[in-house]
Amino acid sequence: QTVTQGGVTEEDDAPVITHDPDVTDWTYDVQVKVETEGDAVAEFTIKDINVKNLDYKGDRSLSTIDIGDSKAEMTVEGENYIYNENEDGYSAIHVGGGELTIKGDGYLDIYADSHGAKLGSDQHEEMSGTIHITDDVSIYTENDGTGDSAAIGSGEGADFTGKIQIDGNAYVEAVSNDRGAGIGSGEGDTIYDEDENEIGWGGDFRGEIIIGGKSEVYAEGKDDSAGIGSGDDGTFSGGSITIKDNAKVEALGEDEGPGIGAADDTPLDGDIVIKDNAEVKASSGSGDTPDIGSEGGVGGDEGSI
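Counting of residues starts from 1 at the beginning of each chain's written sequence and follows it residue by residue. Residue-level local features of this predicted model are given only where pLDDT is at least 70; pairs of side-chain atoms are given and counted only at 80 or more, and the full residue set underlies all totals for whole chains, interfaces and linings. Water and hydrogen atoms were dropped before computing side-chain values, which therefore reflect all heavy atoms in the structure.

Draft legend 1. Quick look at the overall build of the protein. Each helix is a run of DSSP H or I of at least 4 residues and each strand a run of E of at least 2, with the numbering of both proceeding from the N terminus. Check the secondary structure of the protein and you find zero helices and 31 strands. Radius of gyration here uses only the C-alpha atoms, and the compact-globule reference equals 2.2 Å multiplied by the residue count raised to the power 0.38. Computed over the C-alpha atoms, the radius of gyration of the protein is 18 Å, within 12% of the 19 Å expected from 2.2 N^0.38 for a compact globule of 305 residues. Along the first, second and third principal axes, the C-alpha atoms of the protein reach 60 × 50 × 35 Å. Whether a residue is buried, partly exposed or exposed follows from its accessible area with a 1.4 Å probe, protein chains only, as a fraction of its type maximum: under 20%, in between, or over 50%, in that order. The buried share among the 305 residues of the protein stands at 51%. When contacts within the protein are restricted to residue pairs at least 6 apart in sequence, those whose partners lie at least 24 apart make up 80%. Exposure was quantified through the Shrake-Rupley algorithm and a 1.4 Å probe, taking into account, for residues, occlusion by the shown protein chains and nothing else. A total accessible area of about 12800 Å² is found for the protein, and carbon and sulfur atoms account for 38% of it. In this tally, Lys and Arg are treated as positive and Asp and Glu as negative; His is ignored, and so are the chain termini. For this purpose, a charge sits on NZ of Lys, CZ of Arg, CG of Asp or CD of Glu. Computed over 17 positive and 71 negative side-chain charges, the separation of the two mean positions in the protein equals 7 Å. Contact between two residues is taken to exist if any of their heavy atoms lie within 4.5 Å; hydrogens are not considered.

Draft legend 2. The arrangement of a negative patch on the surface in detail. Patches draw on residues past 30% relative accessible area with no salt bridge. Two like charges within 9 Å are joined, as are two nonpolar side chains (Val, Leu, Ile, Met, Phe, Trp, Tyr) within 5 Å. Salt bridges are identified by distance alone: a Lys or Arg side-chain nitrogen within 4 Å of an Asp or Glu carboxyl oxygen. A grouping of D48, E77, E79, D105, D135 and D136 is seen on the molecular surface, where their side chains present a negatively charged patch. Counting through the fold element by element, E79 comes out in strand 10 (residues 79-85).

Draft legend 3. Structural view of the packing of aromatic side chains. Two aromatic rings, drawn from Phe, Tyr or Trp (for Trp, its six-membered ring), form a pair once their centres lie within 6.5 Å of each other, and the interplanar angle then sorts them: stacked below 30 degrees, edge-to-face above 60, tilted otherwise. Scanning all chains against the criterion turns up six aromatic pairs. Plain terms: the ring middles of Y81 and Y107 are 5.8 Å apart, the flat faces sit at 55 degrees to each other, and that makes the pair tilted. One end of the pair, Y81, is in strand 10; the other, Y107, is in strand 13 (residues 107-113), and 26 residues separate them in sequence. The class of Y81 is partly exposed, set by a relative accessible area of 29%. When its relative accessible area of 24% is taken as the criterion, Y107 is described as partly exposed. Counting every residue linked through ring pairs, the aromatic cluster contains Y81, Y107, Y140 and Y171. Only when the NZ of Lys or the CZ of Arg is both within 6 Å of the ring centre and within 35 degrees of the ring normal is a charge said to sit over the ring. Here the basic side chain of K52 rests over the ring of W26, its NZ or CZ set 4.6 Å away from the ring centre. Over the ring of Y83 we find K52, and its NZ or CZ is 5.1 Å from the ring centre.

Draft legend 4. Structural view of the sheet that holds strand 13. Strand order in this open sheet of nine strands is 4-7-10-13-16-19-24-27-30, and the pairing throughout is parallel. For this open sheet the edge positions go to strand 4 (27-28) and strand 30 (279-283), each flanked by a neighbour on one side alone. In this scheme, strands are said to pair when DSSP sees at least two bridges between them. Looking at chain direction, strand 16 (residues 138-141) and strand 19 (residues 171-175) are connected through three bridges and run parallel. Counterpart to S138 in the pairing with strand 19 is Y171.

Draft legend 5. Broad picture of the sheet that holds strand 18 (residues 163-166). If you walk across this open sheet you meet the nine strands as 3-6-9-12-15-18-23-26-29, and the pairing is parallel. Only two strands of the sheet have a single neighbouring strand rather than two, namely strand 3 (16-18) and strand 29 (268-274). Between one strand axis and the next, the sheet turns through 15 degrees on average, direction left out of account. Interaxial angle, 0 to 180 degrees, is taken between N-to-C directions of lines fitted to C-alpha atoms, where a helix line uses only the stretch in contact.

Draft legend 6. Broad picture of the nonpolar core. Only buried residues count toward a nonpolar core, which is a set of Ala, Val, Leu, Ile, Met, Phe, Trp, Tyr and Cys residues joined through side-chain atoms within 4.5 Å. Within the largest apolar cluster, 53 residues are counted, with the highest numbers of intra-cluster contacts made by M74 and I133. Discounting chain neighbours no more than four positions away, the residues touching M74 are F44, I46, I65, I93, L100, T101, I102, K103 and L108.

Draft legend 7. Local environment of unusual backbone geometry. A positive phi is found at H124, a non-glycine position, where the angle reads about 65 degrees. Here H124 shows up in the loop between strand 14 (119-120) and strand 15 (130-133). At D135, a residue that is not glycine, the phi angle is positive and equals roughly 65 degrees. Relative to the elements of secondary structure, D135 occurs in the loop between strand 15 and strand 16. Given a relative accessible area of 35%, D135 falls into the partly exposed group.

Draft legend 8. Inspection of the pattern of salt bridges at higher detail. The final tally for this structure, using the stated rule, is seven salt bridges. With its nearest N and O atoms 3.4 Å apart, the salt bridge here joins K71 to D39. Linking K71 in strand 9 (residues 71-77) with D39 in the loop between strand 5 (32-33) and strand 6 (42-47), this pair joins segments that are 32 residues apart in sequence. A salt bridge links E254 to K222, with the nearest nitrogen and oxygen atoms 3.9 Å apart. One end of the pair, E254, is in the loop between strand 27 (248-252) and strand 28 (260-261); the other, K222, is in the loop between strand 24 (216-220) and strand 25 (228-229), with 32 residues separating them in the sequence.

Draft legend 9. The pairing of strand 26 (residues 236-243), seen in detail. Here strand 23 (residues 208-211) pairs with strand 26 via four bridges, running parallel. Paired with E208 across the bridge in strand 26 is S240. Across six bridges, strand 26 lies against strand 29 in parallel orientation. Across the sheet, F236 pairs through a bridge with L268, a residue of strand 29.

Draft legend 10. Broad picture of the environment of G184. Looking at where G184 falls in the secondary structure, it is placed in strand 20 (residues 183-184). A relative accessible area of 0% means that G184 is categorised as buried. C-alpha separation for the pair G184 and A117, spaced 67 residues apart in sequence, amounts to 9.9 Å. When residues no more than four places from it in sequence are discounted, the contact partners of G184 are A150, I152, G153, S154, F160, F205, I209 and G229.

Structure, rendered in structure tokens:
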């Protein structure tokens, strides 16, 4: 495993990326980019970092941590703050088709004002990879900007077909900004090519969410979106949500979004399973919308609670 910085490449099996507050309060416009091949897994630690990536500073809008289609284990130590603001739809911590495990006992606060997920895929990019949050790590996101993406999952106009797993003693607060699920898919949207020709639709929930162990999760969707499930104008078509073990979950939808399930009036064509000693509080944003399920009903043989 090698690390390249400032044009210099050195071998480093366990790099620690940190920040010296005596030099500056924030570090601006930097990116940690992971590139792996085959089954190789990159391992690194973030410790007490304060990073801001802003549209109006530097000449690039980038994800702060870019896993992409690679595989990585990121250990979180101390208190870490990521502030990512851009108009180009980049996610703050980017996972597209790759695999990211977040572990440790530190604190990570993600602020993102973008149409990409705070943790997940970019705008119009399918989230087909895996995000695993475990150990004693704490992750926080807030309703802190604009953008119609999930807090954890897929960006605006992007399908969620991958897997999000939260377990161990992890604590997660996932709050979307606009029209996206707290955990799941972003708002459904038409996708255009560079010549403005319509080439498809993105924003459907077809992946897998598993919350277990002794983890605690708070998930909140905005503007007709589910707390856990699909975003506004997206479908819940074949995916699954499982809450098990001794997990504690609170999920809130807004307007016609359920706490857990399919957003707005689309049918639930997937599975929701709550079992073992799990404790769940789910609340929809409307008296006409079930707390768990969908205003559009459960889709025949294709859906179940």
